[in-house]
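# A look at the structure
One letter stands for each residue in the lines below.
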Amino acid sequence: MAGKVAFTRLMILSLINYTYATPAVGALGGTCTTDGDCTVTTNAGKCSTTCACSDGFSANTAVTACIANGALKGACATSADCTGTTNADVCTALKCRCKTGYSANIAETTCIANGALNGACSAPSDCTGTTNADVCTNSRCACKTGYSANTEGTVCIVDGALGGKCTVSSDCTNTTNANTCTSDKCVCDTGFSANPTQTACLAGNTGSVSMASTWILVIAYMPVSIYL
């Protein structure tokens, strides 16, 4: 009796696992009738009873996404094929990998220098590639206390500064005229715009200046037009 119960439980678990593993209709690996059915997974637009990656793309190991051939984790025959992702120019086991000294980010879309922000590390002493990112957490370099990564994940910005982390606008005190907290980031106040390096807020904007200049010119030349 116990043996039958155990076998029944095993069958149920197997069916559950199979259900979760079966791709959705129209997704990569899912059933289809025509190419037009394959709309669920990006770049998986070919149908041959099941949806497959489009030309120039190959499925990832988990068969959940299509990656461009020659890009990081994409298909390759030799290292010369790996030109799609910067610093991922090594072909190993028919897949493009990051070159020595670099590691893939968590999303496996870019190669980051070891020791830089979000790069691989074994200890805090490894994290020397990005200023104020000298903490090693979960084998990745992270910003130290009081700093947060920018949106691109390339630099650490002091909390409360322009582009830095905030909860309310009163947290934004480290950059002049950047006293507004929007989407958990300090941004320039109304009437100010960030400079190209995103380190300061400058008064005015090109559009308003141009309009003001236009009206000044119209007023200046109006008397001349009247007398002509």
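Residues numbered from 1 in each chain as written. Predicted model: local features only at pLDDT ≥ 70, side-chain atom pairs only at ≥ 80, totals over all residues. Heavy atoms only, no water.

Okay, the environment of Lys95 next. With respect to the helices and strands, the residue Lys95 is situated in strand E6 (residues 95–97). Given a relative accessible area of 18%, Lys95 falls into the buried group. Taking the C-alpha atoms as reference, Lys95 lies 9.8 Å from Asp81; in sequence the two are 14 residues apart. Filtering out sequence-adjacent residues up to four positions away, Lys95 remains in contact with Ala59, Lys73, Gly74, Cys76 and Val90. (Helix = DSSP H or I, 4+ residues; strand = E, 2+ residues; numbered from the N terminus. Buried < 20%, exposed > 50% of the residue type's maximum accessible area, 1.4 Å probe, protein only. Contact = heavy atoms within 4.5 Å.)

This paragraph deals with the state of the cysteines. For the structure shown, the criterion picks out 12 disulfides. Covalently, Cys121 is tied to Cys136 through a disulfide, its sulfur atoms 2.1 Å apart. Taking the sign of the torsion about the S-S bond as the criterion, the disulfide between Cys121 and Cys136, at about 95 degrees, is right-handed. You can see Cys121 sitting in the loop between strand E8 (111–113) and strand E9 (135–137) and its partner Cys136 sitting in strand E9, a full 15 residues away along the chain. Take Cys121: its relative accessible area is 8%, and that puts it in the buried class. A sulfur-sulfur separation of 2.1 Å characterises the disulfide bridge that pairs Cys188 with Cys201. (Disulfide = S-S within 2.5 Å.)

Before going further, it helps to examine the pattern of salt bridges. Tallied over the entire structure, the rule returns two salt bridges. Lys73 is the salt-bridge partner of Glu108, the closest N and O atoms lying 3.6 Å from each other. Placement of the pair is Glu108 in the loop between strand E7 (102–104) and E8 and Lys73 in the loop between strand E4 (66–68) and strand E5 (90–92), with a sequence separation of 35 residues. Owing to a relative accessible area of 21%, Lys73 belongs among the partly exposed residues under this scheme. (Salt bridge = Lys/Arg side-chain N within 4 Å of Asp/Glu carboxyl O.)

Here Asp37 is to be found in the loop between helix H1 (2–21) and strand E1 (46–48). With 11 residues separating them along the chain, Asp37 and Gly26 place their C-alpha atoms 5.3 Å apart. The contact partners of Asp37, leaving out residues within four places of it in the chain, are Gly26 and Cys32.

Nonpolar side chains tend to gather and get buried jointly when the protein is soluble and globular. Among the nonpolar cores identified, the biggest contains five residues, and these are Leu72, Ala88, Cys98, Ala104 and Cys111. Not counting the four nearest positions on each side in its chain, Ala88 is found in contact with Leu72, Cys82, Cys96, Arg97, Cys98, Lys99 and Cys111. (Core = buried A, V, L, I, M, F, W, Y, C linked by side-chain atoms within 4.5 Å.)

This part covers the confidence of the model for the chain. Per-residue confidence for the chain averages 85 on the pLDDT scale, and 80% of its residues sit at or above 70. In the model, residues 5–20 has pLDDT below 50 throughout and makes zero contacts with residues more than four positions away in sequence or in other chains. Scored below 50 in pLDDT, residues 206–228 shows zero contacts in the model against residues more than four places distant or in partner chains. (pLDDT = per-residue confidence, 0-100.)

Inspection of the secondary structure assignment puts Thr175 in the loop between strand E12 (156–158) and strand E13 (180–182). A polar side-chain atom of Thr175 sits 2.9 Å from the main-chain amide nitrogen of Leu162. Ignoring any residue separated from it by four or fewer positions in sequence, one finds Thr175 in contact with Gly160, Ala161, Leu162, Thr199 and Ala200. (Polar contact = N/O pair within 3.5 Å; in protein donor to acceptor, adjacent residues only side chain to side chain.)

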